[in-house]
Amino acid sequence: MTTQTLSAPEVYQGQFGDFTITKSDRTGVIIYRTGLMIAALCFAIGSGLVLFYPQPAAIQAITPLYTCFSLALGVSLLTIHIYMKLLHQILQLFWIIGSISAFIFGHFDSQPFAITIYNQPLTILGIGFTFAALTGIFFKEGFCFHRLETKILTPLVPLLLLGHLTGILSTQAEQVLLGIWAILFLVFALRKTIQNIPDDIGDKSVFDYLENQRAANG
């Protein structure tokens, strides 16, 4: 007869008490990172098409790539661990606004989605919310883990978008910034795959404390 022993879950010391990390917690982190990887791959492929193969078929392919990027980012925003619930909700709201805007621009204009966005910079006021949510992830990761690529991406993303919106950037400058963005986003997603899972979960005692505070004040 074989006796199976289940190892007790590791207990972590948090700021407001001990906590354990469950299988569900780990699954959430894996989903979060998978969403980031899919989003980064779609963004890198789409950027590569724009920069190196700007042919009609490639431009058309950017529409499904952007859709996949946006959906994957939305999954990551659902599963990301952020202590401030309000900030988490704001990032999710930004994603919703950006997604609705992209849907409208993608289905109510006869031109391909990428051409519409490029030729009509004011559309960035809509889809830019999606990238504001992505920048929020970069900022959170840079603040928590001091990753160089996210510290660069945090100002780079709004610089490129606002630069195109206002017309102050040359085409060459935009291409360089887009290439840097695509590469660093991919580097960020790849590095997340080898990071310890508990790092992304954080101190669960803080989440419990904040939840109890909300319940007490509500």
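Everything numeric here is computed off the predicted structure, so don't read it as measured data. (Residues numbered from 1 in each chain as written. Predicted model: local features only at pLDDT ≥ 70, side-chain atom pairs only at ≥ 80, totals over all residues. Heavy atoms only, no water.)

Colleague: Where do I start with the overall build of the protein in this structure?
Modeller: Scanning the protein from terminus to terminus reveals nine helices and two strands. A principal-axis box enclosing the C-alpha atoms of the protein has dimensions of 65 × 50 × 30 Å. Across the 218 residues that make up the protein, the buried fraction comes to 41%. Considering only contacts in the protein between residues 6 or more positions apart, those separated by 24 or more positions represent 72%. Roughly 12,400 Å² of accessible area belongs to the protein as shown, and the carbon and sulfur atoms make up 68% of that amount. A distance of 3 Å separates the average location of the 11 positive side-chain charges in the protein from that of its 12 negative side-chain charges. (Helix = DSSP H or I, 4+ residues; strand = E, 2+ residues; numbered from the N terminus. Buried < 20%, exposed > 50% of the residue type's maximum accessible area, 1.4 Å probe, protein only. Contact = heavy atoms within 4.5 Å. Areas by Shrake-Rupley, 256 points an atom, 1.4 Å probe, with all protein chains shown as cover. Lys, Arg positive; Asp, Glu negative; His and termini not counted. Charge placed at Lys NZ, Arg CZ, Asp CG, Glu CD.)

Colleague: Sorry if this is basic, but what is going on with a nonpolar patch on the surface here?
Modeller: The grouping of L93, I96, I100, F103, I104 and F108 at the surface amounts to a nonpolar patch, some 620 Å² of accessible area in total. In this structure, L93 sits in helix α3 (residues 85-107). (Patch = residues over 30% accessible without salt bridge, like charges linked within 9 Å, V, L, I, M, F, W, Y side chains within 5 Å. Salt bridge = Lys/Arg side-chain N within 4 Å of Asp/Glu carboxyl O.)

Colleague: I tried to follow the side chain of H164 on my own but got confused; where do I start?
Modeller: If you trace the backbone, H164 turns up in helix α6 (residues 148-166). Not counting chain neighbours up to four residues away, the residues in contact with H164 comprise I117, Y118, P121, I124, L169 and E174.

Colleague: Looking at this structure, how should I read the pattern of salt bridges?
Modeller: Evaluated as defined, the whole model comprises five salt bridges. When the shortest N-O distance is used, the salt bridge between E141 and K140 registers 3.9 Å. According to the relative accessible area criterion, E141 is buried, its value standing at 0%. Between D200 and K192 there is a salt bridge, with the nearest N and O atoms lying 2.7 Å from each other. Residue K192 is classed as buried on the basis of its relative accessible area of 1%. One salt-bridge network, in which partners are shared between bridges, spans R33, K140, E141, K192 and D200.

Colleague: Help me understand the packing of helix α1 (residues 23-52) against helix α2 (residues 56-79), please; the structure alone is not making it clear to me.
Modeller: How two helices pack is summed up by the angle between their axes together with the distance between the axes. It is at 8 Å that the axes of α1 and α2 come closest, and there the two elements cross at 160°. Taken together, α1 and α2 sit at an angle that is classed as roughly antiparallel. Note on packing geometry: the crossing formed by α1 with α2 is left-handed. Looking at the contact of α1 with α2 residue by residue, the class counts come to 19 nonpolar, five polar and no charged. (Axes fitted to C-alpha atoms, helices over the stretch in contact; angles between N-to-C directions. Parallel < 35°, antiparallel > 145°, perpendicular 65-115°, else oblique. Left-handed = near helix turned anticlockwise from the far one by under 90°. Nonpolar A, V, L, I, M, F, W, Y, C, P; charged D, E, K, R; others polar.)

Colleague: Please clarify how α6 should be interpreted in this entry.
Modeller: An α-helical segment advances 3.6 residues per turn. Residues three or four places apart therefore align on the same side. The first and last C-alpha atoms of α6 sit 28 Å apart over 19 residues, in line with the 27 Å expected at 1.5 Å per residue. At T154, α6 shows its maximal bend, which comes to roughly 25°, and the proline P155 appears one to four places after that position. Looking at α6, one finds that the buried residues are E149, T150, L153, T154, L156, V157, L160, L161, G163 and H164. Considering only its buried residues, α6 is in contact with α4 (113-119), α5 (124-145) and α7 (171-193). Immediately beyond the C-terminal end of α6, within one or two residues, lies G167, with a positive phi of roughly 80°. (Expected span 1.5 Å × (residues − 1). Bend = angle between axes of the 7 residues up to and from the residue.)

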